[in-house]
Amino acid sequence: MTGAALAGPDGALRCPWALSTPDYVAYHDEEWGRPVHGDDALYERLSLEAFQSGLSWITILRRRETFRAAFAGFEIAKVATFDESDRERLLLDPGIIRNRAKVDATLANARVLAEWTPGELDELIWSHAPAPRPAPKTLGDVPAVTPESTALSKALKKRGLRFVGPTTAYALMQACGLVDDHLETCVARTG
C-alpha cells in the first residue's frame, strides 16, 4: 500500500515522511499534530509555515533556532517594533530563509497582530478546527487544502495577515493539532 505507515528505527510504525532523518522522527513524534495554543506560539508556527512554502520542511526545522533568534523568539510585541535596520539584518542572515516577501510578511503580520486583543489569534485559528474525521490510512488520504483551511486563510487575510494561503493554513492546522493527520497505524496518532 503506497504511503502507508512504515517501521522506524525502533520498529514502531510512523508516517513515512517522518523517517528520512532523526530530526523528522523527533518532530513527528513530539510536536506535529499536538495542540499548540498562545498567540506567540501560533505566530511562530504561522511564520515558519510561510517560510516553508516552496521548500522542504526539514530546511525550516533545522534552522528553527536561528529563526527564533533572528525574530526575537517570535514574540509578537517585539517583532512588531522591528524597523528597517532589523529588516536589512534579516535579509542578510544566512541562518534563515532570506526571501524578501516572506521576511516582509512576517514583520507586517507581527504589526497587525500587535493590534489584536491577547488571545485573539489563538481563538481565530482554533475556531476553524474541523470536526474529527476518520484517520487517514495512507499519505494519499491526507489533503493539502480543506474547506476549513480555505476559510481560515480567508479570515486571516481579511484581518490583514499576509502569506497565509489555504495550503499554508492547512499545514498550520496539521502542525498545531487542529487536525490529526498521523496515519491510522502511526505510533503518534492520538485519536
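Relevant structure appears above.
Residues numbered from 1 in each chain as written. Predicted model: local features only at pLDDT ≥ 70, side-chain atom pairs only at ≥ 80, totals over all residues. Heavy atoms only, no water.

Caption draft 1: Quick look at the overall build of the chain. Helix and strand content of the chain: ten helices and two strands. Computed over C-alpha atoms, the radius of gyration of the chain comes to 17 Å, within 12% of the 16 Å expected from 2.2 N^0.38 for 191 residues, which places it in the range of a compact globule. Projecting the C-alpha coordinates of the chain onto the three principal axes gives extents of approximately 50 × 35 × 25 Å. Burial status across the chain gives 50% buried among its 191 residues. Counted over contacts in the chain with a minimum sequence separation of 6, partners at least 24 positions apart contribute 66%. When the accessible area of the chain is evaluated, it comes to approximately 9,000 Å², of which 55% is carbon and sulfur surface. (Helix = DSSP H or I, 4+ residues; strand = E, 2+ residues; numbered from the N terminus. Rg over C-alpha atoms; globule rule 2.2 N^0.38 Å. Buried < 20%, exposed > 50% of the residue type's maximum accessible area, 1.4 Å probe, protein only. Contact = heavy atoms within 4.5 Å. Areas by Shrake-Rupley, 256 points an atom, 1.4 Å probe, with all protein chains shown as cover.)

Caption draft 2: View of the pattern of salt bridges. Overall, the coordinates contain 16 salt bridges when judged by the stated rule. A salt bridge links D29 to R14; its shortest N-O distance comes to 2.8 Å. With D29 in helix α1 (residues 22-30) and R14 in strand β2 (residues 13-14), this residue pair connects regions lying 15 residues apart in the sequence. A salt bridge links K78 to E75; the shortest N-O distance between them is 3.5 Å. On the basis of relative accessibility, which here comes to 44%, the residue K78 falls in the partly exposed class. (Salt bridge = Lys/Arg side-chain N within 4 Å of Asp/Glu carboxyl O.)

Caption draft 3: Main features of unusual backbone geometry. Backbone geometry places A72, a non-glycine residue, at a positive phi of 50°. Secondary-structure assignment places A72 in the loop between α4 (64-70) and α5 (76-79). The phi dihedral of F74 is positive, around 60°, even though this residue is not glycine.

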